[in-house]
Amino acid sequence: MSTDMNNQKELLLEVKNLKVHFDIPSKSLWPWAKPSRLKAVDGIDIQLYQGETLGVVGESGCGKSTFARAIIGLVEATEGQVIWLGDDLTQLSKSARRETRKDMQMIFQDPLASLNPRMSVGDIIAEPLKTFYPELSKDEVKAQVKEMMDKVGLLPNMINRYPHEFSGGQCQRIGIARALILKPKMIICDEPVSALDVSIQAQVVNLLKELQNELGLSLVFIAHDLSVVKHISDRVLVMYLGNEVEMGETASLFSDPKHPYTRALMSAVPIPDPHLERAKKIEMLEGELPSPINPPSGCVFRTRCPLADADCAQTKPKRQGNHVHAVSCLKVQV
Ligand code: SF4
């Protein structure tokens, strides 16, 4: 089994050249019209070690959520490998892949919408347990659910209540309890705090960090709020139009962003010091995110890039750098 030789952490997940493309049926009345190809994810590589948090950032529509869903198998990969503890999940049978779901769980963006309103909180949290361990008695299930409710800061005596009786922050704690009940090795958090008030966001992020330290969890944390990502992540992947533009250790990436897109994203993050905040120069991005159905040739960022030249329309930049900091741009060096 692979380990990081510096700190002997176990390599849990390796994603190689992952692509998720969708065929969009043509609206033409001509029966031979070809479907269009939407390139939601177009060749992403990551590694995730035990106990590590990888933040994933980028504008809405950049493919973050599709990427996360492809890792866990909720959407089919078109190409590439998702290697979990040495097994390529894209090659496993459905039943073998289902078994791996014990180890990888997901927390969703809208806490209330992700919970079945007709089920009690106890039944919601117990559902994965009953699915994977049908041999457990009712009392054993109930004891584990109560223990998990306590761990995530919910009163165990609320076990028979329904989701609408809880606040948004409490609903997200229910979602976390459901994700943790099988004692997974990794949780994919898909914008888990973006639907919550700012004060509640901090509580949920801190809860995730505490649980991570206690249980040794690995997290893939998707968000568009860079302050939250900076707080929770060990490394950060920046995505644009289904492509990696920059990846690096959090300190290196936030102190010295290289790619013009990352620089623009970072320049919009508020600085707590009012003097520095007033003096700060925001690097504005021109134009809209292009359609992933018809992405620009060469570098996908070229239509909005202040540094773009003729080369950028011809050549797709390759990742250069190392695991500490890597960037995909023809004009900047790490
Ligand atoms: S490759 Fe060219 S267009 Fe792309 S980010 Fe670099 S300079 Fe800009």
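Just so you know, these numbers come straight off a predicted model, no measurement behind them. (Residues numbered from 1 in each chain as written. Predicted model: local features only at pLDDT ≥ 70, side-chain atom pairs only at ≥ 80, totals over all residues. Heavy atoms only, no water.)

A. Main features of a nonpolar patch on the surface. A cluster of nonpolar side chains, contributed by Phe22, Ile24 and Ile293, occupies part of the molecular surface with about 210 Å² of accessible area. Given the relative accessible area of 32%, phenylalanine 22 is considered partly exposed. (Patch = residues over 30% accessible without salt bridge, like charges linked within 9 Å, V, L, I, M, F, W, Y side chains within 5 Å. Areas by Shrake-Rupley, 256 points an atom, 1.4 Å probe, with all protein chains shown as cover. Salt bridge = Lys/Arg side-chain N within 4 Å of Asp/Glu carboxyl O. Buried < 20%, exposed > 50% of the residue type's maximum accessible area, 1.4 Å probe, protein only.)

B. Molecular detail of the site of the ligand. Near the ligand lie 13 residues; those nearest to it are Cys299, Cys305, Cys312, Cys329 and Lys331. Most atoms of the ligand, that is more than half of them, are within 2 Å of grid points of the largest cavity. (Near = heavy atom within 4 Å. 1 Å grid on protein atoms, 1.4 Å probe; cavity = no way out; pocket = protein on both sides within 12 Å on 5 of 7 lines; lining within 4 Å. Sits in = over half its atoms within 2 Å of the grid points.)

C. Summary view of helix α6 (residues 198–215). For α6, which comprises 18 residues, the first-to-last C-alpha distance of 26 Å matches the rise-based estimate of 26 Å (1.5 Å per residue) to within 8%. When we look at burial in α6, the residues that qualify are Gln201, Val204, Val205, Leu207, Leu208, Leu211 and Gln212. Projected down its long axis, α6 carries its buried residues within an arc of 155°, all on one side. Across from the buried face of α6, at angles greater than 90 degrees, the exposed residues are Ser199, Glu210, Asn213 and Glu214. Glycine 216 lies just past α6 and shows a positive phi near 70°. (Helix = DSSP H or I, 4+ residues; strand = E, 2+ residues; numbered from the N terminus. Expected span 1.5 Å × (residues − 1). Arc of directions from axis to C-beta.)

D. Broad picture of the sheet that holds strand β8 (residues 186–190). If you trace the eight strands from one edge of the open sheet to the other, you get β7-β8-β9-β4-β10-β11-β13-β12, paired in mixed fashion. This sheet does not close on itself; its edge strands, each paired only once, are β7 (104–107) and β12 (320–321). Where strand β4 (residues 53–57) lies against strand β9 (residues 218–222), four bridges are found, and the strand directions are parallel. Residue pairing for β9: leucine 54 is matched across the bridge by valine 220. Packing of helix α5 (residues 168–180) onto the sheet brings it into contact with β7 and β8, and relative to β7 it is tilted by some 170°. (Pairing = 2+ DSSP bridges. Contact = heavy atoms within 4.5 Å. Axes fitted to C-alpha atoms, helices over the stretch in contact; angles between N-to-C directions.)

E. The nonpolar core, seen in detail. Counting residues in each nonpolar core, the largest one holds 60 residues, and the members touching the most others are Ile176 and Phe221. The contact partners of isoleucine 176, leaving out residues within four places of it in the chain, are Ile107, Val152, Val204, Leu207, Leu208 and Leu211. Residues Val15, Val41, Phe67 and Ala70 belong to the second largest nonpolar core, which totals 29 residues. (Core = buried A, V, L, I, M, F, W, Y, C linked by side-chain atoms within 4.5 Å.)

F. Seen up close, empty space enclosed by the protein. Tallied over the entire structure, the rule returns one cavity of 30 Å³ or more. Each pocket or cavity is described by its volume, and for the largest cavity that value is around 70 Å³. Taken together, His259, Pro260, Cys299, Phe301, Arg302, Cys305, Leu307, Cys312, Pro317, Cys329, Leu330 and Lys331 make up the full set of residues lining the largest cavity. (Points joined across faces, edges and corners; volume = space filled by probe spheres on them.)

G. Representation of the environment of aspartate 42 in the model. Within the secondary structure layout, aspartate 42 lies in strand β3 (residues 36–49). The spacing of aspartate 42 and glutamate 244 is 202 residues in sequence and 8.6 Å in space, taken between C-alpha atoms. Setting aside residues no more than four positions away along its own chain, aspartate 42 makes contact with Leu18, Lys19, His21, Gly242, Asn243 and Lys316.

H. Representation of the pairing of β9 within the structure. Counting buried positions along β9 yields five of five residues, so the element is predominantly enclosed. Both faces of β9 are covered, namely the face carrying Ser218, Val220 and Ile222 and the face carrying Leu219 and Phe221. The sheet contact formed by β8 and β9 spans five bridges and is parallel. Across the sheet, cysteine 189 pairs through a bridge with phenylalanine 221, a residue of β9.

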